[in-house]
Amino acid sequence: MGHPVSLSTPSGRISGWRADPPIPPKGVLLVVQEIFGVNAHIRHVVNRFAAHGYIAVAPAFFDHIDYDIELNYDEAGVARGRELVDRVGFDRVIGDLGAIEEALRGDSKVGVVGYCWGGTVAFLANARLGLPAVSYYGARTFPILHQRLLAPMEFHFGERDSLIPSEHVEAHRDMHPHAAIYTYPAGHGFNCEERADYDAGSAASALDRTLNFFSRVL
């Protein structure tokens, strides 16, 4: 269903993965990767959103550093992924998303959904670009929670997430009382089939809520 695409950004062209629905689109979703790149899991996520009626695009932000980066879910992959996201930086990624959103908005309204590192990017896309967004287990969001949300927002967290303590989840509730916040009996990365913490029931519930959210706001 999906296919590679070339995307224009303020820092030059990057690749990405796009899938289009078999029906008139309900909207456009920008899917923001984990620290592991636009890998098989993220491509699957893009394809799945397309099957639910959305144009879905996952930009390959690591192209700013090197091409075709897909990391394993292991200690070496985590270390390399953290290095790469620090080198890419949030400001450049938000600039990329703004340019991509502008190019795609003629197709339909645009939202953002992000996972892990991408969960924090989704929060920033809302606060800086005013895009409706869904964040899955964004561990880097806590230090920037003071930024004001400009559009509807939804968060998903695992109750056994070793990277996001319960007090950080409560801080999300305190700082953004109008956002929808859901927790699940799972660990970090519960939506990813390739992770040890994958939890099929939690992933299905979160997907249902994500789809309901975007059906309301797009």
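Above this text is the structure in question.
What comes next concerns the included structure. (Residues numbered from 1 in each chain as written. Predicted model: local features only at pLDDT ≥ 70, side-chain atom pairs only at ≥ 80, totals over all residues. Heavy atoms only, no water.)

Re the environment of Gly12
Stated precisely, the cut-off is as follows: The helix count covers DSSP runs of H or I at least four residues long, the strand count covers runs of E at least two residues long, and both are numbered beginning at the N terminus. Working definition: with a 1.4 Å probe on protein chains only, accessible area under 20% of the residue-type maximum means buried, over 50% means exposed, and in between means partly exposed. Note on contacts: a residue pair is in contact if any heavy atoms of the two residues lie within 4.5 Å.
As for its position among the elements, Gly12 is in the loop between β1 (3–7) and β2 (14–19). For Gly12, a relative accessible area of 28% puts it in the partly exposed group. Residues Gly12 and Ile55 lie 43 residues apart in sequence; the distance between their C-alpha atoms is 23 Å. Those residues within four positions of Gly12 in sequence are excluded, and the remaining contacts are Leu7 and His64.

Focus: the side chain of His64
With respect to the secondary-structure elements, His64 resides in the loop between β4 (55–59) and α2 (75–88). For His64, a relative accessible area of 18% puts it in the buried group. Dropping the residues within four chain positions of it, His64 is found in contact with Thr9, Ser11, Gly12, Ile14, Arg92 and Asp96.

Quick word on the pairing of strand β3 (residues 28–32)
Just so we agree on the cut-off: Note on handedness: a clockwise path from strand one over the helix to strand two, with the strands aimed away from the viewer, defines a right-handed crossover. For two strands to be treated as a pair, DSSP must find no fewer than two bridges joining them.
The element β3 is largely enclosed, with a buried count of 5 among its 5 residues. A two-sided burial pattern is seen for β3, the buried positions comprising Val28, Leu30 and Val32 on one face and Leu29 and Val31 on the other. Regarding topology, helix α1 (residues 40–51) serves as the crossover connection from β3 to the parallel β4, and that connection is right-handed. Where β3 meets strand β5 (residues 110–115), 5 bridges bridge the pair, whose relative direction is parallel. In the strand pairing of β5, Val31 is matched with Val113.

Side note on the packing of aromatic side chains
Let me state the cut-off plainly: Working definition: rings of Phe, Tyr and Trp (its six-membered ring) pair if their centres are within 6.5 Å, and the pair is stacked with planes under 30 degrees apart, edge-to-face with planes over 60 apart, and tilted otherwise. Charge-over-ring contacts are defined here by two conditions on Lys NZ or Arg CZ: a distance within 6 Å of the ring centre and an angle within 35 degrees of the ring normal.
In this structure the tally under the stated criterion is 13 aromatic pairs. On the basis of an interplanar angle of 35° and a centroid distance of 6.3 Å, the ring pair of Phe123 and Phe155 is categorised as tilted. Pair noted here: Phe123 is in helix α4 (residues 117–129) and Phe155 is in strand β7 (residues 153–158), with a separation of 32 residues, a long-range link. Neither Phe123 nor Phe155 differs from the other in exposure class; each is buried. When the centroid spacing of 6.1 Å and the interplanar angle of 10° are considered together, the rings of Phe155 and Phe157 count as stacked. You'll find Phe155 and Phe157 in the same group, each marked buried. Put simply, the rings of Tyr115, Tyr136, Tyr137, Tyr184 and Phe190 pair up and form one aromatic cluster. Taking NZ or CZ as reference, Arg43 lies 5.8 Å from the ring centre of Trp17, over its face.

Quick look at the pairing of β2
Taken across its 6 residues, β2 has 5 buried, putting it largely inside the fold. Summarising the sheet, β1 and β2 pair through 5 bridges and their orientation is antiparallel. Within β2, the position partnered with Leu7 by the bridge is Ile14. Where β1 hands over to β2, the hairpin turn is made up of 6 residues, of which Gly12 adopts a positive phi near 115°. Pairing analysis gives 4 bridges linking β2 to β4, with the strands arranged antiparallel. Bridge pairing links Arg18 to Val57 in β4.

Structural notes on unusual backbone geometry
A positive phi is found at Asp68, a non-glycine position, where the angle reads about 60°. Assessed through its relative accessible area of 74%, Asp68 is described here as exposed. In this structure, Tyr137 is a non-glycine residue whose phi angle is positive, near 35°. Mapping Tyr137 onto the fold places it in the loop between β6 (133–136) and β7. By relative accessible area, which is 0% here, Tyr137 ends up buried.

Geometric descriptors of this kind do not, in isolation, establish any biological role.
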